[in-house]
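Descriptive structure summary
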There are 2 protein chains.
Amino acid sequence: MAASQKCLGKGSAAPGPVPKDHIRLYSMRFCPFAQRTRLVLHAKGIKHDIVNINLKNKPDWFFEKNPLGLVPVLETQSGQVIQESPITCEYLDEAYPQNHLLPSDPFQKAQQKMLLEDFSKVIPFFYKIPMGKNKGTDVSQLQTEFKDKLIHLNKMLGNKKFFGGDSVTMIDYMMWPWFERMEMLEMKPCLDGSPELKKWIEHMLEDPSVKAMMFSTEIYKGFYKTYMEGNPDYDYGL
Amino acid sequence: MAASQKCLGKGSAAPGPVPKDHIRLYSMRFCPFAQRTRLVLHAKGIKHDIVNINLKNKPDWFFEKNPLGLVPVLETQSGQVIQESPITCEYLDEAYPQNHLLPSDPFQKAQQKMLLEDFSKVIPFFYKIPMGKNKGTDVSQLQTEFKDKLIHLNKMLGNKKFFGGDSVTMIDYMMWPWFERMEMLEMKPCLDGSPELKKWIEHMLEDPSVKAMMFSTEIYKGFYKTYMEGNPDYDYGL
């Protein structure tokens, strides 16, 4: 971990070299996409440091790491740079063979990727519904669609404990960050038609990496308030 | 290969079981996404049969293979079903170890995936520009953006023969189908600022799998005309 979790913004000095035997993650404490990578780093026990970025006021040097200015970004000691959350996670799983998170069977791996593709169409609802509510617009249609998508996930889960079987695998970590925010977003009632998914949430809350990376609903609410006001406090709670 | 290349539409009988030692591809002869999978099947020498689907008038049984009704879809003898072109291609590369198309080095593999992600933002231009022209709207702004994206690809290619180095790898096959259609779409002048990319096209045209899977510009034009008229003839040229 970096000396400080405080985010670096425009005008800040670029961080020094990646420490020996470490990999660096450019992140933002409340970003669900970056949380995917943080979960994988933790679950695999990979030595890393984290540089948090002020996403509203990005340092110029950050665009050298990712021209799009998005987190997560991984940087190796030799200066290799990897972007896009699923790509960073798969890279880590391959480059660090301990505790594999993706199945080795090609079809099971393909299944996880298809499910991730499905889930990518669920993510926008976690933004659209709260934004809509905030503006006072009618979100009932969006909520119905969202519930249907959750019911589909519930069906995909079936009676398995986790999406890949009896233990947590990559796909669980890829989906988790948005579920962690459901209470804060007041979206939990949408899970009513999805009992298996509710059980999955309970199981995930017992996972050591999930526990280590999570924020309380109170902290999320505090950050989210500043975010909705257009002035996100990325250091909220530090 | 299937007995007939003719597409199956609504009301058609479902095809029989996947032949012994084969994998089945549900495809459409002119679909660039399905062409990715066809290129990989050919390059790896995988025994397969192809069932072409009438995408305008889909058979009911096809929705059991893919609820979204899209090609490509792979089906194994045991009834495993794989959708989404990059997932089908990676599955084939892992399930059939001969002639690996993805690099084994985790960073090089991540680089191919990042480039594929970049390229996914180029694909819409291959549709928007011809559609715009067809409607008689001004596409000059779109063309400028498209040229910039090609220049970026040209830079990523650098002085390498192929995107992964001296020989064709997965990423080349993932991008190729759209370049094959550039002449038909009258988009070749957009390559003027991208000399390395032009050379890459010449090299790709010498690849045995590209040669085996390609259609002439004449055939493409014939199909495309029926497509633009709203009544695509998926069996054009048979």
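Please read all numbers here as calculations on a predicted model, not as lab measurements. (Residues numbered from 1 in each chain as written. Chains lettered and ligands numbered in written order. Predicted model: local features only at pLDDT ≥ 70, side-chain atom pairs only at ≥ 80, totals over all residues. Heavy atoms only, no water.)

Residue and element names in this part refer to chain A. Considered domain by domain, chain A is made up of domain 1 (1-100) and domain 2 (106-213). Relative placement of domain 1 and domain 2: their C-alpha centres are 24 Å apart. Approximately 1,500 Å² of surface area, both sides summed, lies buried where domain 1 meets domain 2, with 65% of it carried by carbon and sulfur atoms. Broken down residue by residue, the surface that domain 1 buries against domain 2 is led by Gln35, Arg36 and Leu39, which jointly contribute 39%. The interface formed by domain 1 and domain 2 includes one salt bridge. Across the salt bridge formed by Glu90 and Lys113, the nearest N and O atoms sit 3.0 Å from each other. (Domains from an automatic or database assignment. Buried area = accessible area lost by both parts, 1.4 Å probe. Salt bridge = Lys/Arg side-chain N within 4 Å of Asp/Glu carboxyl O.)

In screw terms, the move from chain B to chain A is a rotation of 180 degrees and a rise of 0.0 Å along the axis, fitting with an RMSD of 0.0 Å. On the angle and the small slide along the axis, the relation comes out as a two-fold axis. Here 100% of the interface residues in chain B have copies in chain A that are interface residues too; the copies meet face to matching face. (Least-squares fit on C-alpha atoms with pLDDT ≥ 70 in both. Contact = heavy atoms within 4.5 Å.)

This next bit is on the sheet that holds strand β3 (residues 73-75) of chain B. Residues and elements named next belong to chain B. With mixed pairing, the four strands of this open sheet are ordered in space as β2-β1-β3-β4. Each edge of the sheet is formed by a strand with only one pairing partner; in this case those strands are β2 (48-52) and β4 (81-83). Geometrically, the sheet is characterised by an average inter-axis angle of 20 degrees between neighbouring strands, direction not taken into account. When strand β1 (residues 23-27) meets β3, the two strands line up antiparallel, connected through three bridges. When the sheet's bridge partners are listed, Tyr26 is paired in β3 with Val73. Relative to the sheet, helix α1 (residues 32-43) contacts β1, β2 and β3, its axis offset from that of β1 by approximately 150 degrees. Contacts from helix α3 (residues 85-95) reach β1, β3 and β4, with the element oriented near 130 degrees to β4. (Pairing = 2+ DSSP bridges. Helix = DSSP H or I, 4+ residues; strand = E, 2+ residues; numbered from the N terminus. Axes fitted to C-alpha atoms, helices over the stretch in contact; angles between N-to-C directions.)

Quick look at the pattern of salt bridges now. One pass over the structure, following the stated rule, counts 22 salt bridges over all chains. Among the salt bridges present, the one from Asp49 of chain B reaches Arg24 of chain B, with a minimum N-O distance of 3.0 Å. One end of the pair, Asp49 of chain B, is in strand β2; the other, Arg24 of chain B, is in strand β1, with 25 residues separating them in the sequence. One salt-bridge network, held together by shared partners, links Glu90 and Lys113 of chain A together with Glu90 and Lys113 of chain B.

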